[in-house]
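Coordinate inspection notes
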Amino acid sequence: MQFRDLKAQYAAMKDSIDAGISAVINDCNFISGRQVAELEARLAEYTGVRHCIACANGTDALLLALMAWGIGPGDAVFVPDFTFFSSGEVVSTVGAVPVFVDVDADTFNISCESLEKMIKKTIKKGKAVPKVIVAVDLFGQPADYAGLKEIAGRYQLKILEDAAQGFGGRIGERMAGSFGDIAATSFFPAKPLGCYGDGGAVFTDDGHLAELISSLRIHGKGTSKYDNVRIGMNSRLDTLQAAVLLAKFDAFKDTELEAVNQAAAYYTEKLKDTTAVPVVPDEFFSSWAQYTVKLEDRTMRDGLQCFLKERGIPSMIYYVKPMHRQEAFFGEQYYDENYPVTNVLCETVLSLPMHPYLTRDEQDEVIACIKEYFSH
Ligand SMILES: *Cc1c(COP(=O)(O)O)cnc(C)c1O
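Presented here is an overview of the structure given in this document.

The rules behind the values
- All chains use their own residue numbering, which begins from 1 and follows the written sequence.
- Where local features are concerned, this predicted model is filtered to residues with pLDDT of at least 70; where side-chain atom pairs are given and counted, the filter is 80 or more; whole-chain, interface and lining totals use all residues.
- As a rule here, side-chain values come from all non-hydrogen atoms in the structure, and water together with hydrogens is ignored.
- For helices the rule is a DSSP run of H or I covering at least 4 residues; for strands it is a run of E covering at least 2, with both sets numbered from the N terminus onward.
- Between the two quantities, the radius of gyration covers C-alpha atoms and the globule rule is 2.2 Å times the number of residues to the power 0.38.
- Classification of residues uses two cut-offs on accessible area relative to the type maximum, computed with a 1.4 Å probe and protein chains only: under 20% is buried, over 50% is exposed, and between them is partly exposed.
- Areas reported as accessible are Shrake-Rupley estimates using a 1.4 Å probe. Residue values count occlusion only from the protein chains shown.
- Residues counted as positive are Lys and Arg, residues counted as negative are Asp and Glu, and His and the chain ends are not counted.
- One atom stands in for each charge, and that atom is NZ of Lys, CZ of Arg, CG of Asp or CD of Glu.
- For two strands to be treated as a pair, DSSP must find at least two bridges joining them.
- Note on method: axes are straight lines fitted to C-alpha atoms, helices fitted across the in-contact stretch only, with angles between N-to-C directions ranging 0 to 180 degrees.
- Throughout, a contact is declared for two residues whenever any of their heavy atoms are within 4.5 Å.
- The rule for a residue being near a molecule or strand is that one of its heavy atoms must lie within 4 Å of it.
- In protein, a polar contact requires one atom able to donate a hydrogen and another able to accept it; more generally it is a pair of N or O atoms within 3.5 Å, and residues adjacent in sequence count only if both atoms are side-chain atoms.
- Two kinds of site are reported from a 1 Å grid over the protein atoms alone, namely cavities, where a 1.4 Å probe fits but cannot get out, and pockets, open sets with protein on both sides within 12 Å along at least five of seven lines, and residues are called lining when an atom falls within 4 Å of a point.
- The rule for placing a molecule in a cavity or pocket is simple: more than half of its atoms must lie within 2 Å of the grid points.
- Classification used: nonpolar for Ala, Val, Leu, Ile, Met, Phe, Trp, Tyr, Cys and Pro, charged for Asp, Glu, Lys and Arg, polar for all others including Gly.
- Within this document, salt bridges are pairs made up of a side-chain nitrogen of Lys or Arg and a carboxyl oxygen of Asp or Glu, the two lying within 4 Å of each other.
- The cut-offs work like this: below 35 degrees is roughly parallel, past 145 is roughly antiparallel, 65 to 115 is roughly perpendicular, and the gaps in between are oblique.
- The handedness criterion is simple: a crossing whose near helix is rotated anticlockwise from the far helix by less than a right angle is left-handed, and one whose near helix is rotated clockwise is right-handed.
- Any helix carries an expected span of 1.5 Å times its number of residues minus one.
- The reported arc concerns the directions from the helix axis to the C-beta atoms and nothing else.

1. Thoughts on the overall build of the protein
Looking only at helices and strands, the protein has 11 helices and 12 strands in total. For 376 residues, the compact-globule formula gives about 21 Å, and the C-alpha radius of gyration of the protein, at 21 Å, lands near that figure. Seen along its three principal axes, the alpha-carbon backbone of the protein occupies a region of about 70 × 60 × 35 Å. For the protein, the residues scored as buried account for 56% of the 376 residues in total. Summed over all atoms, the accessible surface of the protein reaches about 16100 Å², with 52% contributed by carbon and sulfur. Across the protein, the mean location of the 37 positive side-chain charges is 4 Å away from that of the 51 negative side-chain charges.

The following block contains the structure:
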């Protein structure tokens, strides 16, 4: 059994993916080929956002957003403590201070209550000025944007939506990628919409920011590539990756999102009396980058992971370590008692096999194994 079965996906779409790749190789338009602009247009339309700027990976997408806003030394950026390293790494890359915020025990997303507490503390400390909230759509589920927008308005902060895992998710009819003042996503192979290497994109309704980001991603270009008006980076999306994404995109939106939601509903129905299953609030729709259950404590969690492994069932721990305990951030001072929820989640979560090609038989095998573990 695969944790995320990319081979099954390739088998299902082999012809269109191979044709897309061949077209790029035949044209030899490896950089900035027409497929990149076509992908940007399709993704902008899908998310309902005016501008989509494709780039080299999700981390760069986050970085480009912070650079476009001019975030740097003396600025504070609020980041959930329970997320992938990139969400906070980019803050340090631009020289700003990442202020980690605890998360909600049910949705695993940034807690509005903890956010406001950390904003107040940061203002009181007076060392760094609050500027941006990084809201992560963790495991595919959008963050609480109603609550976040209220706080952002009150303290005049920008929202950077980290939709690296959330692409395809939505709240009501509104798509992930449209909630932040700027949003970033990733096309890393294992993400909900993945390419065959690294890839990413930035989304914004703001035309001025879109222009800035387009410039920053190609060496701060002005009127041409050899007219450089600002310091940027080299962060284009390869044409080959755009072609792979275009070949996969229809299936992603028309069948794969529905398939992962059915698989998630089945796990939840069968496991809800055995262990703590994911909580999806009303109106929220997840793209199920991960299906993550919570165990009672670390011993139970690690025990279940071993038990599954012995029976050939892969599982993953996202995430083993809170951001505030990552050595890379030891230059800043973080207090463990500010992160009670994240500290517990890191000891108790376990992500189960989840992808659009997961079969009922495979799910039944996982479910039976978990039930057997609990019956001991
Ligand atoms: C994967 C991921 C990123 C980074 O994306 P890359 O394309 O790997 O650079 C950022 N944030 C979150 C939450 C992620 O899961």
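2. As for the sheet that holds strand S1 (residues 51-55)
With mixed pairing, 7 strands are arranged side by side in an open sheet as S1-S9-S8-S5-S4-S2-S3. Whereas interior strands pair on both sides, the edge strands pair on one side only; in this sheet they are S1 and strand S3 (97-101). Strand-to-strand twist across the sheet, computed as the mean angle between neighbouring axes with direction ignored, equals 25°. In this structure, strand S4 (residues 129-136) lies alongside strand S5 (residues 158-162), joined through 5 bridges in parallel fashion. Directly across from Ile133, in S5, lies its bridge partner Ile159. Against the sheet, helix H5 (residues 112-125) contacts strand S2 (75-80), S3 and S4, and its axis sits at roughly 140° relative to S3. Running at roughly 150° to S5, helix H6 (residues 145-155) makes contact with S4 and S5 of the sheet.

3. Here's the deal with the environment of Gln241
If you trace the backbone, Gln241 turns up in helix H8 (residues 239-271). Looking at Gln241, the relative accessible area reads 10%, which means it is buried. With 54 residues separating them along the chain, Gln241 and Phe187 place their C-alpha atoms 8.9 Å apart. In contact with Gln241, not counting residues within four places along its chain, are Cys195, Tyr196, Gly197 and Asp198.

4. Looking at the sheet that holds strand S7 (residues 174-175)
Taken together, 3 strands build an open sheet; the order of strands is S7-S6-S10 and the sheet is antiparallel. Single-partner strands in this sheet number two, and they are S7 and strand S10 (284-285). Sheet analysis places strand S6 (residues 170-171) next to S10, joined by 2 bridges and oriented antiparallel. Counterpart to Ile171 in the pairing with S10 is Phe284.

5. Considerations on the site of the ligand
Inspection of the region around the ligand gives 14 residues, with Gly58, Thr59, Asp162, Ser186 and Lys191 positioned closest. Separating a nitrogen atom of the ligand from a side-chain N or O atom of Asp162 is a distance of 2.7 Å. A total of 380 Å² of accessible area belongs to the ligand in isolation, and the protein chains cover 93% of it. Using a 2 Å cut-off from the grid points, one finds that the ligand occupies the largest pocket. Elements represented by at least two residues in the shell around the ligand include exactly helix H3 (58-68) and helix H4 (86-93). Looking at the shell around the ligand residue by residue, the classes come out as 3 nonpolar, 9 polar and 2 charged.

6. A few points about the side chain of Asp60
Structurally, the position occupied by Asp60 is in helix H3. Nearest to the buried, unbridged Asp60 among oppositely charged side chains is Arg236, at 10 Å. If near-sequence neighbours (up to four positions away) are discounted, Asp60 is found in contact with Cys55, Met233 and Ser235.

7. What about the pattern of salt bridges?
With the rule as written, the count across this model stands at 16 salt bridges. The partner of Arg34 in a salt bridge is Asp27, with the nearest N and O atoms 4.0 Å apart. The salt bridge involving Lys270 is made with Glu269; its shortest N-O contact spans 4.0 Å. Residue Lys270 is classed as partly exposed on the basis of its relative accessible area of 30%.

8. Considerations on the packing of H5 against H6
Remark: H5 packs on H6, axes separated minimally by 10 Å, with the N-to-C direction vectors making an angle of 15°. With respect to H6, the axis of H5 lies roughly parallel. The two elements H5 and H6 cross, and the hand of that crossing is right-handed. In contact with Cys112, Leu115, Glu116, Ile119, Lys120 and Ile123 of H5, H6 contributes Gly147, Leu148, Ile151, Arg154 and Tyr155. For the contact of H5 with H6, the per-class residue count stands at 7 nonpolar, 1 polar and 3 charged.

9. Some words on helix H11 (residues 360-375)
For H11, with 16 residues, the first-to-last C-alpha span of 22 Å sits near the 22 Å given by 1.5 Å per residue. Those residues of H11 that sit buried are Glu362, Gln363, Val366, Ile367, Cys369, Ile370 and Tyr373. Down the axis of H11, the sector holding all buried residues measures 160°, keeping them to one side. In H11, the exposed positions that point more than 90 degrees away from the buried face belong to Asp361 and Ser375. Here the buried face of H11 lies against H8, helix H9 (298-310) and strand S12 (349-352).

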